[in-house]
Amino acid sequence: MARAPSFFITCLRQNPRTVPNSNAHIRNLTVDSKETNFITKEFRENQNKELSTDTTNQPNLDIVKQVCKIIRTIPRWEETLLSNFPSFNFSDPPFFRELLRQQGNVFFCLRFFHWLRSEYEFLPDLNSCNMLFDKLVEAKACKAARNFLDQTGFSPEPASLERYLRCLCEDGLVEEAVDVFSILNEIGYHPSIVTWNLALLACLKDSRNDLVWKLYQDMVDSGVTVDIDVATVGCLIQAFCNDGEASKGYELLQQLLEDGLVPDTVAFHRLIAAFCKTRNYGRVSELLHTMIATNRAPDIYTYQEVINGLCKNRKWLEGYRIFNDLKDRGYAPDRVMYTTMIHGLCKMGRLGDSRKLWFEMINKGMLPNEYTYNALLYGFYKVHDLEEAEELYKEMLNKGYGENTVSYNTRIAGFCLHGRTDEAYRLFEEMPKKGIVHDLITFNNLIQGFCMEGKIVESLYLLHELLAQGLQPSTSSYTPIIKKLCHVGRMQEAKDLLNDMQSRGLEPKGYTHDHIIAGLCEQGYAAEGKEWLIEMLKSRLKPRQNTFEKLVRCLSQSDRLDDSLLVLDFMFRIGYELKESICHSLVTNFCKVNTDYAESCLAEVLELK
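What counts as what
Residues numbered from 1 in each chain as written. Predicted model: local features only at pLDDT ≥ 70, side-chain atom pairs only at ≥ 80, totals over all residues. Heavy atoms only, no water. Buried < 20%, exposed > 50% of the residue type's maximum accessible area, 1.4 Å probe, protein only. Helix = DSSP H or I, 4+ residues; strand = E, 2+ residues; numbered from the N terminus. Arc of directions from axis to C-beta. Salt bridge = Lys/Arg side-chain N within 4 Å of Asp/Glu carboxyl O. Axes fitted to C-alpha atoms, helices over the stretch in contact; angles between N-to-C directions. Parallel < 35°, antiparallel > 145°, perpendicular 65-115°, else oblique. Left-handed = near helix turned anticlockwise from the far one by under 90°. Contact = heavy atoms within 4.5 Å. Nonpolar A, V, L, I, M, F, W, Y, C, P; charged D, E, K, R; others polar. Core = buried A, V, L, I, M, F, W, Y, C linked by side-chain atoms within 4.5 Å. Patch = residues over 30% accessible without salt bridge, like charges linked within 9 Å, V, L, I, M, F, W, Y side chains within 5 Å. Areas by Shrake-Rupley, 256 points an atom, 1.4 Å probe, with all protein chains shown as cover. Polar contact = N/O pair within 3.5 Å; in protein donor to acceptor, adjacent residues only side chain to side chain. Lys, Arg positive; Asp, Glu negative; His and termini not counted. Charge placed at Lys NZ, Arg CZ, Asp CG, Glu CD. Expected span 1.5 Å × (residues − 1). 1 Å grid on protein atoms, 1.4 Å probe; cavity = no way out; pocket = protein on both sides within 12 Å on 5 of 7 lines; lining within 4 Å. Points joined across faces, edges and corners; volume = space filled by probe spheres on them.

Peer 1: I'm lost on helix α8 (residues 142–152) in this one. Help?
Peer 2: Working note: α-helix, 3.6 residues per turn, so residues spaced by three or four point in the same direction. Among all positions in α8, only C142, A144, A145, F148 and L149 are buried. Projected onto a plane normal to the axis of α8, the buried residues spread over an arc of 165° and lie on a single side. G153 occupies a position one or two residues after α8 and carries a positive phi of about 70°.

Following this line, the structure appears as structure tokens:
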């Protein structure tokens, strides 16, 4: 007797993007479904059925074999075939079907088919069309099969369409696959759960989460969710991670584990990557232990995801510790992991450790690639060793790694670190002359370099050039210029640039507002600075302590003592301490009013603390 659908399944049927509570259990899931390719098996079964139907009017097999040889070996056979067999009727459907069986290459059959249509105005019967279509699908010729459907206008059998659908998924043509699902749904045919899973996976590989959820909604609407298996839920876990909702994916994983089911390692990898991105390393550790406990032992690629996540979040020391621990436990890091670690150590300025890994990698037979070279190249620039950097760059070119955007970006950033922006700009101008394109990083590196030297005009020119070339700017394109404009007191330009940035859908980082407030205080616009601070707090951005201190000093010097107390209140609530110098400034300005008022204000300050 079949078990009733669980609460978990019921919730998924109603809303695939809503996860039931953690007390629910997964039912009706199986662990034996696999991603298998049975197109060939079904095709042969279909062929056997069609063989039994051609029992009359059998064509001359000798002529079939002769024609097969001719169309396979003679380049322009269309010009002579009729003269070679003047009395033979090539448009006989049984003859064409026998040709399909005898000829191993379906594309020769397709060419013969087009010749028949042009020569005889051949109208193929349904069986012939199905046979040719199935053979095209078996050969995984998706585009040829699609063109065949467009040219003939015939409707394949539902089972043939399902095989075609799988073929589309394997070829990454996910939008067309979704269209075929719609056709099958219209005729009331329900593909197997394996086909649905193949489509979900194909959409994930193509980064089409929108189609993942559309397909799953179609599954819900057509009642297929009764058959969902562990592979389906594994796909949903990945989709949640792609949508930035790793917590929901994690809840689904817990539901599976409670029912004794375990998804494949890909689902674990996606969860680990997602939690690394949000810096939830406690959850990462828990997932690694779960993998080991459920016989999904983490491989080198799993740990590579962890190390990469740590390094991206500037936790290079933790990444380096895990890297060394892996080697001690017998794992063999590959070139990608070595490159990641070399890059992280160079970011920390630990060039000695980076070079040690460089030579260790070479001694293990892994030659550095262009990314490894660029990682170490940045390290030399970081420690101000330009001579070694240029020598390494020459070595990289001698090894056959051509000049490209990545290498130019590294050198431009290196020269900017040393204040040599003229040389950096020379490289920038040299790139298009060599056919090397500028990307966003090229512009951002140079903008930051110019701003460090106070070259605002040049920075603004680069920003306008970036936009003129159709590149999408980032916050790093604007922030250095805004900071420098605030520093020199050009506040209106800074605010205009911030507004332009936000109009493009870019959210400024918190310290961008800090620069604006600091600039307003320097210009004596204390009241406006206070309004910017309030807006910053409303947006849940945390101002720097220095921002509070500047604003308190500016407000008190402007005789806005009540406002300065309000800002102090905000400052204490966030957890900052009042420095002695600020306290002296407050006392001095309060005493200018009168001593009694100063005493009451100081008492209020102590209460705020």
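Peer 1: I tried to follow the pattern of salt bridges on my own but got confused; where do I start?
Peer 2: Charged atoms that come close allow side chains of opposite charge to pair. Overall, the coordinates contain 32 salt bridges when judged by the stated rule. One salt bridge in this structure joins R97 and D125, with 2.6 Å as the shortest N-O distance. One end of the pair, R97, is in helix α5 (residues 93–102); the other, D125, is in the loop between α6 (106–120) and α7 (126–138), and 28 residues separate them in sequence. Given the relative accessible area of 7%, R97 is considered buried. Between R560 and D563 there is a salt bridge, with its nearest N and O atoms 3.0 Å apart. You can call R560 partly exposed: its relative accessible area is 34%. Counted as one network, the salt bridges with shared partners bring together E403, R426, E430 and K434.

Peer 1: Quick question: what am I supposed to make of the packing of α8 against helix α9 (residues 158–170) here?
Peer 2: Angle between the axes and distance between the axes: these two values describe a pair of packed helices. Packing of α8 against α9 brings their axes to within 10 Å, and their N-to-C directions diverge by 135°. Taken together, the axes of α8 and α9 are oblique relative to one another. α8 and α9 meet at a crossing whose hand is left-handed. Packed against α8, whose contacting residues are C142, A145, R146 and L149, the element α9 presents Y164, C167 and L168 at the interface. Within the contact of α8 with α9, the residues separate by chemical class into six nonpolar, no polar and one charged.

Peer 1: Even after reading the chapter, I still don't get the nonpolar core, so can you show me in this structure?
Peer 2: V67, F112 and L132 are the most contacted members of the largest nonpolar core, which totals 177 residues. The leading source of residues in this core is helix α11 (residues 193–205), at nine residues. Ignoring sequence-local partners within four residues, the contact set of V67 consists of L81, F85, F90, F95, L99 and F112.

Peer 1: Even after reading the chapter, I still don't get unusual backbone geometry, so can you show me in this structure?
Peer 2: Keep in mind that most residues, glycine aside, have a negative phi and that most peptide bonds are trans. Its identity is not glycine, yet S207 carries a phi of approximately 55°, on the positive side. Positionally, S207 belongs in the loop between α11 and α12 (209–222). The backbone of H384 shows a phi angle near 70°, a positive value even though the residue is not glycine. Mapped onto the elements, H384 comes out in the loop between α21 (370–382) and α22 (386–398). Judged by relative accessible area, H384 falls into the exposed class, the value being 56%.

Peer 1: I tried to follow a nonpolar patch on the surface on my own but got confused; where do I start?
Peer 2: Taken together, the side chains of F359, I362 and L367 present a nonpolar region at the surface, about 280 Å² in accessible area. With respect to the helices, strands and loops of the structure, I362 is situated in helix α20 (residues 351–363).

Peer 1: Got a minute to help me understand the side chain of N197 in this structure?
Peer 2: Here N197 is to be found in helix α11. You can call N197 buried: its relative accessible area is 5%. Among the polar contacts made by the side chain of N197, one reaches the side chain of D229 at a distance of 3.0 Å. Beyond its immediate chain neighbours, meaning those up to four positions away, N197 contacts D229, A231, T232 and C235.

Peer 1: Whenever I open this one, a positive patch on the surface confuses me. Can you help?
Peer 2: On the surface, a cluster of positive charge is made up of R279, R314, K382 and K509. By secondary structure assignment, the location of R279 is in the loop between α15 (265–277) and α16 (281–293). Owing to a relative accessible area of 53%, R279 belongs among the exposed residues under this scheme.

Peer 1: Can you walk me through α9 in this structure?
Peer 2: The end-to-end C-alpha distance of α9 is 19 Å, a good match for the 18 Å that 13 residues give at a rise of 1.5 Å each. Those residues of α9 that fall on the buried side of the exposure criterion are S160, L161, E162, R163, Y164, L165, R166, C167, L168 and C169. Backbone geometry just after α9 places G172 at a positive phi near 80°.

Peer 1: Help me out: how do you make sense of the layout of surface pockets in this one?
Peer 2: Picture a little ball the size of a water molecule; that probe, rolled over the atoms, points out where space is still empty. Looking at the largest pocket, its volume works out to about 1800 Å³. As for the largest pocket, its lining consists of 39 residues, and the residues nearest its centre are R314, K347, Y378, N445 and Q448. Mapped by element, the contributors of at least two residues to the lining of the largest pocket are α17 (300–312), α19 (335–347), α21, α23 (405–417), α25 (440–452), α27 (475–487) and α29 (510–522). Split into classes, the residues belonging to the lining of the largest pocket amount to 15 nonpolar, 15 polar and nine charged. In this structure, the second largest pocket is lined by 17 residues; those nearest its centre are A273, A274, F275, C276 and K277. Counting residues per element, the ones that place at least two in the lining of the second largest pocket are α13 (230–242), α15 and α17. Of all the elements, α15 adds the most residues to the lining of the second largest pocket, at six residues. Considered class by class, the residues forming the lining of the second largest pocket number six nonpolar, six polar and five charged.

Peer 1: Whenever I open this one, the environment of I300 confuses me. Can you help?
Peer 2: Take I300: it is sitting in helix α17. I300 sits in the buried class, given a relative accessible area of 14%. Between the C-alpha atom of I300 and that of L326, which follows or precedes it by 26 residues, the distance is 8.5 Å. What I300 contacts, discounting residues up to four positions off in sequence, is L326, Y331, A332, P333 and M337.

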